Amino acid sequence: MKTRIPVLITALALLLVPLTPAAAADGPTVKLSKSQAGTGGSVTVTGSGWRERALLMVLICGQSVPSRGVIGGTNSCANADGRAVTTDAEGRFRKELPVAEPPVPCPCVVHVATVTGAKAQADAIFQVAGHAVEPLPAEPAGGRLSVLNDTRLDGSSGLLTWFGAPPARTLVFTVGNVGTSAIRNPVFQVGTSHGVFAPQWEEQQWRGTIEPGRKAQIRLPVELAAGAHGDYTVSLKYGGKVLAEQPWGVGRPWGVTLFWVLVCLVVPAAVFRIGMAVVDRVRPPRPGGARHRGLRLPELTLRLPRLTSREQAPASTSTLPWFTPDADPGTAGRLSAPHDDSPTSPTTPSRKGTT
């Protein structure tokens, strides 16, 4: 019984040995259902080890081998017949790819690369039946540059950028010369891309010399268009090969939005004021020469009818407010029958008796 335990352990170890390399394999892989097909046919492309839920582009490219990659970039690929695919939760995919002739001769590969996010790519050898085959261009015998560390973007946005000025940064990275000869004044290509669009490349020359086995820090300016905002990707290319990519999130220029909001509020108010002023000038005058829309106190005073002397109310002679017109002593005699108020005449007998 004791001798069987070591034997079982050895057997289990032998069974696990072939699985170890597959589990430890790093990086994305691509496999093809067949290694050769003619134009009009199709090939099934499967992959594993990719980032989950990643958007990939599958192309047939010429003048390429897996060891050197796609030498001419995507210009060497049949872009019109490419296919896009999204990986599953485990980083796998399966896609049917139509066979088309690339614009350059073979050797050819099926090239799979990420569209967004972290850069990743893989190639698988494929032969397009009936397509021309030519030797690959010789590798340059001089110096070769390699990026030694992660790239970064230095700088920040200012007040003008908040109002729509072009965002600008400085791409900083360190390269090393892994070739056999010095490299003088290397010319890099810096590209900026937005979303799934292809990068727009711009050549920039770095002044200096990098000796074999030495390294140097490179700083290259990067600038976007005015008013740009969103998620951008800055790519670095040298010698036809992409060396690095750096994401760049650009904020929205809210100052431009604020400006247009103010314009929408101020301009209508100004137009309204100007229109009312024009109406006041063009409108015919009212009687009396008044052009104002409202009536003022002097105008009201002038338009009130004036009372003539005949229309004036008779003034009361009484100054005592508690007497009515009938009880007023000053008017009682006037309301009775007319009589003579003169002194007693000789012909008029006196009401008083003789004493």
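To start, this report covers the structure provided alongside it. (Residues numbered from 1 in each chain as written. Predicted model: local features only at pLDDT ≥ 70, side-chain atom pairs only at ≥ 80, totals over all residues. Heavy atoms only, no water.)

1. Brief notes about the packing of aromatic side chains
Quick reminder of the rule: The aromatic pairing rule takes the rings of Phe, Tyr and Trp, using the six-membered ring of Trp, and pairs them if the centres are within 6.5 Å, calling planes under 30 degrees apart stacked, those over 60 edge-to-face and the rest tilted. We call a residue buried when its accessible area falls under 20% of the maximum for its residue type, exposed when it is over 50%, and partly exposed in between, using a 1.4 Å probe and counting protein chains only. We count a charge as sitting over a ring when the NZ of a lysine or the CZ of an arginine lies within 6 Å of the ring centre and within 35 degrees of the ring normal.
This model, assessed by the stated rule, comprises 5 aromatic pairs. For the pair Trp162 and Phe163, a centre-to-centre distance of 5.2 Å together with 85 degrees between the ring planes defines the contact as edge-to-face. You can call Phe163 partly exposed: its relative accessible area is 44%. An angle of 70 degrees between the planes, with centres 5.4 Å apart, marks the rings of Phe259 and Trp260 as edge-to-face. The exposure class assigned to Phe259 is partly exposed, which follows from its relative accessible area of 46%. Joined through ring pairs, the aromatic side chains of Phe173, Phe188 and Tyr238 make up one cluster. In this arrangement the basic side chain of Arg252 is found over the ring face of Trp254, its NZ or CZ atom lying 5.7 Å from the centre.

2. A few points about unusual backbone geometry
Selection criterion: Runs of E in the DSSP output that reach at least two residues are strands. Runs of H or I that reach at least four are helices, and both are numbered from the N terminus.
Pro107 follows Cys106 through a cis peptide bond whose omega is 20 degrees. Mapped onto the elements of the fold, Pro107 is located in the loop between strand S8 (93–98) and strand S9 (108–114). Even without being a glycine, Gln63 presents a positive backbone phi close to 55 degrees. Following the sequence through the fold, Gln63 ends up in the loop between strand S4 (55–61) and strand S5 (64–65). Overall, Gln63 belongs to the partly exposed group, its relative accessible area being 23%. Although it is not a glycine, Asn185 sits at a positive phi angle of roughly 50 degrees. Summarising the element assignment, Asn185 is placed in the loop between strand S14 (183–184) and strand S15 (187–194).

3. Examining the environment of Pro166
The condition that has to hold: The criterion used for residue contact is that any of the two residues' heavy atoms lie within 4.5 Å.
With respect to the element layout, Pro166 can be found in the loop between helix H3 (159–162) and strand S13 (168–177). Counting along the chain gives 57 residues from Pro166 to Glu223, while the straight-line C-alpha distance between them is 6.6 Å. Beyond its immediate chain neighbours, meaning those up to four positions away, Pro166 contacts Thr161, Glu223, Leu224, Ala225 and Ala226.

4. Notes on the state of the cysteines
The criterion, for reference: By definition, disulfides here are pairs of cysteine sulfur atoms that lie within 2.5 Å.
Per the stated rule, a full pass over the model turns up 2 disulfides. A disulfide bridge connects Cys61 with Cys77, and the sulfur atoms are separated by 1.9 Å. Here the S-S torsion is close to 95 degrees, and the disulfide linking Cys61 with Cys77 is therefore right-handed. Taken together, the residues Cys61 in strand S4 and Cys77 in the loop between strand S6 (69–70) and strand S7 (83–86) connect sequence positions 16 residues apart. The exposure class of Cys77 is buried, given its relative accessible area of 4%. Here Cys106 connects covalently by a disulfide to Cys108, the sulfurs 1.9 Å from one another. The sign of the -90 degrees torsion about the S-S bond sets the Cys106-Cys108 disulfide as left-handed.

5. Overview of the sheet that holds strand S19 (residues 230–238)
Quick note on the threshold: Pairing between strands is defined by DSSP: at least two bridges between the two strands are required. Whenever a helix is involved, its axis is fitted only over the stretch in contact; in every case the axis is a line through C-alpha atoms, and angles between N-to-C directions fall within 0 to 180 degrees.
Spatially, the 4 strands line up as an open sheet ordered S16-S15-S19-S20, and their pairing is antiparallel. Of all strands in the sheet, those with a lone pairing partner are strand S16 (200–205) and strand S20 (241–250), marking the two edges. Averaged over all adjacent pairs, the angle separating strand axes in this sheet is 25 degrees, with direction ignored. Where S19 meets S20, 9 bridges bridge the pair, whose relative direction is antiparallel. Paired with Tyr232 across the two strands is Trp248, which belongs to S20.

6. Comments concerning the sheet that holds strand S3 (residues 42–48)
An order of S1-S3-S8 is seen for the 3 strands of this open sheet, with the pairing classed as antiparallel. Edge strands, defined here as strands with exactly one partner in the open sheet, are strand S1 (29–32) and S8. On average, adjacent strands in this sheet sit at an angle of 25 degrees to one another, irrespective of strand direction. In this sheet, S8 lies alongside S3 in antiparallel orientation, the contact comprising 6 bridges. Each bridged residue has a counterpart across the sheet, and for Ser42 the counterpart in S8 is Pro98.

7. Some thoughts on the environment of Ala118
Take Ala118: it is sitting in the loop between S9 and strand S10 (121–129). Separated by 64 residues in the primary sequence, Ala118 and Ala54 place their C-alpha atoms 9.4 Å from one another.

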